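Descriptive structure summary
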Amino acid sequence: MKKKSNLFILLLAAVLVSCGGGKKSGKPDFGDDEYSVRTVGAQSAELQTTYPATIKGVQDVEIRPKVSGFITKLCVHEGQAVKKGQLLFVIDNETYQAAVRQARAAVNTAKAQLNTAKLTYSNNEKLFKNNVIGTYELQSSKNNLEAAYAAVAQAQAAYVSAKQNLDFCYITSPANGVVGDLPYRVGALVSASSQQPLTTVSSIGTMQVYFSVTEKDLLDMTKGVGGINAAIKDYPAVKLQLADGTVYNHDGHVATVSGVIDPTTGTVSMRADFPNPEHLLKSGASGSIVVPHVSSSAIIIPQDAVSQVQDKFFVYVVGEGNKVKYTPVTVNPNNDGKNYIIESGLKAGDRIVMNGISGLTDGQKITPLTEAQYQEKLKKTEALGADQGDLSKLKKAFGK
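In short, a report on the structure.

Cut-offs used in this document
- Residues numbered from 1 in each chain as written.
- Predicted model: local features only at pLDDT ≥ 70, side-chain atom pairs only at ≥ 80, totals over all residues.
- Heavy atoms only, no water.
- Helix = DSSP H or I, 4+ residues; strand = E, 2+ residues; numbered from the N terminus.
- Buried < 20%, exposed > 50% of the residue type's maximum accessible area, 1.4 Å probe, protein only.
- Contact = heavy atoms within 4.5 Å.
- Pairing = 2+ DSSP bridges.
- 1 Å grid on protein atoms, 1.4 Å probe; cavity = no way out; pocket = protein on both sides within 12 Å on 5 of 7 lines; lining within 4 Å.
- Points joined across faces, edges and corners; volume = space filled by probe spheres on them.
- Nonpolar A, V, L, I, M, F, W, Y, C, P; charged D, E, K, R; others polar.
- Salt bridge = Lys/Arg side-chain N within 4 Å of Asp/Glu carboxyl O.
- Expected span 1.5 Å × (residues − 1).
- Core = buried A, V, L, I, M, F, W, Y, C linked by side-chain atoms within 4.5 Å.

If you tally the helices and strands in the chain, you get seven helices and 21 strands. Counting every position in the chain, which comprises 400 residues, the buried fraction comes to 34%. For the chain, contacts bridging at least 24 residues in sequence account for 74% of all contacts bridging at least 6.

Below, the structure written as structure tokens:
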């Protein structure tokens, strides 16, 4: 009986050792040198590239007064949609109305003087024909007539100017759009030299989204397609990611590409136009342009096979003699949370370790298993652990 108890204790200790030491660095212990290995291959993948972007209306028109005066009426509020020609502000116009009346009176006076000059000249023509007056008197009356015509024209120009200044007191919208900030209120003194505009009217039926791409991106885009115009025509529809992370529900299309590369940043400005029927997009907002593109030779691997150290990524490549090499790779910043798209560092045909990479060291020799073999061994190990962990079976076997 004592021997049976001792044997039970030894078996129990073996069970505890196998359960407690069965994992090493996240890998089941069915052979310390056995690791799951995959041969990577190229496959089709839909990739995307994002660029910071600035949103602007087709027209962002600053509204500034052309005449000086106090604002007497504010006809709109911030964020209001307005039509072209709609009244926005009224500036105190008493002085300008008086100037119009004065200019109109000046026109009437000039016209009366013109009529007098006409009569004088007509009369002098008759007198000259009858040899009553000489050439000098006739020419003088003609000069006075021409001066009267000029005086009328001058008075009419002054009247038009005064009338225009009066019209400038009624400030209207130059386009359909949405009213921006209103820094001035009723009673504020404004003029053409005021530092801030009265407001800004933004036409937001269509929004223009500006973003910059690198010189390399521009070359990749234009090579083999016949220039920028052809590249714009073939450019895929782009999406707009808003500041809250959501994607705008209308696609945009690239409309223009700058022909000049910014020497300070090495980038080229591009513009994509987006419809804005719901007026969700606002001028001055920010976001990100998302450019989709399909790669037929992408290498995609699970994130579990990648080790990240700060902002760098590494994989273990199985080389000659089944020795692993700690290899840096570049991953696409966009991923689905499960896989990485490898942009550089791996090529089709390379073998990489898939599981338990935290327990590996550079240059270590391993025994490679296929992923199917690895899963089968994993199932057997788990089943064995379950059986060994059932102490009730052992107790029953030894009469405990």
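With that settled, the discussion passes to the pairing of strand 18 (residues 324–331). Pairing analysis gives six bridges linking strand 17 (residues 312–318) to strand 18, with the strands arranged antiparallel. What sits directly across from Val317, in strand 18, is Lys325. Between strand 17 and the antiparallel strand that follows it, strand 18, lie five residues; Gly321 among them carries a positive phi value of about 70 degrees. Here strand 18 runs beside strand 19 (residues 339–344); their pairing, made up of two bridges, is antiparallel.

We now examine the layout of surface pockets. The calculated volume of the largest pocket comes to roughly 420 Å³. What lines the largest pocket is Thr49, Tyr51, Val213, Lys216, Asp217, Asp220, Met221, Tyr235, Pro236, Val291, Pro292 and His293. Residue assignment for the lining of the largest pocket shows that the elements contributing at least two residues are strand 4 (43–63), helix 4 (215–222) and strand 15 (286–302). Per-element accounting of the lining of the largest pocket gives the leading share, four residues, to helix 4. Partitioning the lining of the largest pocket into residue classes produces seven nonpolar, two polar and three charged.

This brings us to unusual backbone geometry. Unlike most non-glycine residues, His279 shows phi in positive territory, near 55 degrees. Along the chain, the position of His279 falls in the loop between strand 14 (267–275) and strand 15. Note on His279: relative accessible area 36%, which makes it partly exposed. Its identity as a non-glycine residue notwithstanding, Gln310 has a phi of 55 degrees, on the positive side. Positionally, Gln310 belongs in the loop between strand 16 (307–309) and strand 17. On the basis of relative accessible area, Gln310 is assigned to the exposed category, the value being 72%.

Judged from the nine bridges that link them, strand 11 (residues 199–214) and strand 14 form a sheet pairing that is antiparallel. Bridging from a neighbouring strand, Gln208 pairs with Asp273 of strand 14. As paired strands, strand 13 (residues 253–257) and strand 14 are joined by four bridges and run antiparallel to one another. When the bridges of strand 14 are listed, Thr256 appears paired with Arg271.

Where charged atoms from two side chains of opposite charge come close, those side chains can pair. The tally for this structure, following the rule as stated, stands at seven salt bridges. The salt bridge involving Lys163 is made with Asp167; its shortest N-O contact spans 3.2 Å. One end of the pair, Lys163, and the other, Asp167, are both in helix 3 (residues 135–167), four residues apart, so they sit about a helical turn from each other. The exposure class assigned to Asp167 is partly exposed, which follows from its relative accessible area of 38%.

Under the 1.5 Å per step criterion, the end-to-end length of helix 2 (residues 94–129) is 53 Å for 36 residues, consistent within 8% with the ideal 52 Å. Looking only at helix 2, the buried set comprises Tyr96, Val100, Ala103, Val107, Ala110, Leu114, Ala117, Tyr121 and Asn124. Buried residues in helix 2 make contact with helix 3. Where helix 2 ends, the next residue or the one after it, Asn131, has phi of about 60 degrees, a positive value.

The subject of this paragraph is the nonpolar core. With 27 residues, the main nonpolar core has Phe211, Leu240, Val254, Phe274 and Ile289 as its most contacted residues. Sorting the residues of this core by element identifies strand 4, strand 11, helix 4, helix 5 (228–234), strand 12 (239–242), strand 13, strand 14 and strand 15 as the ones contributing at least two each. Top contributing element to this core by residue count: strand 11, with five residues. Among the nonpolar cores identified, the runner-up in size contains 21 residues, and Val67, Val82, Ile91 and Tyr184 belong to it.

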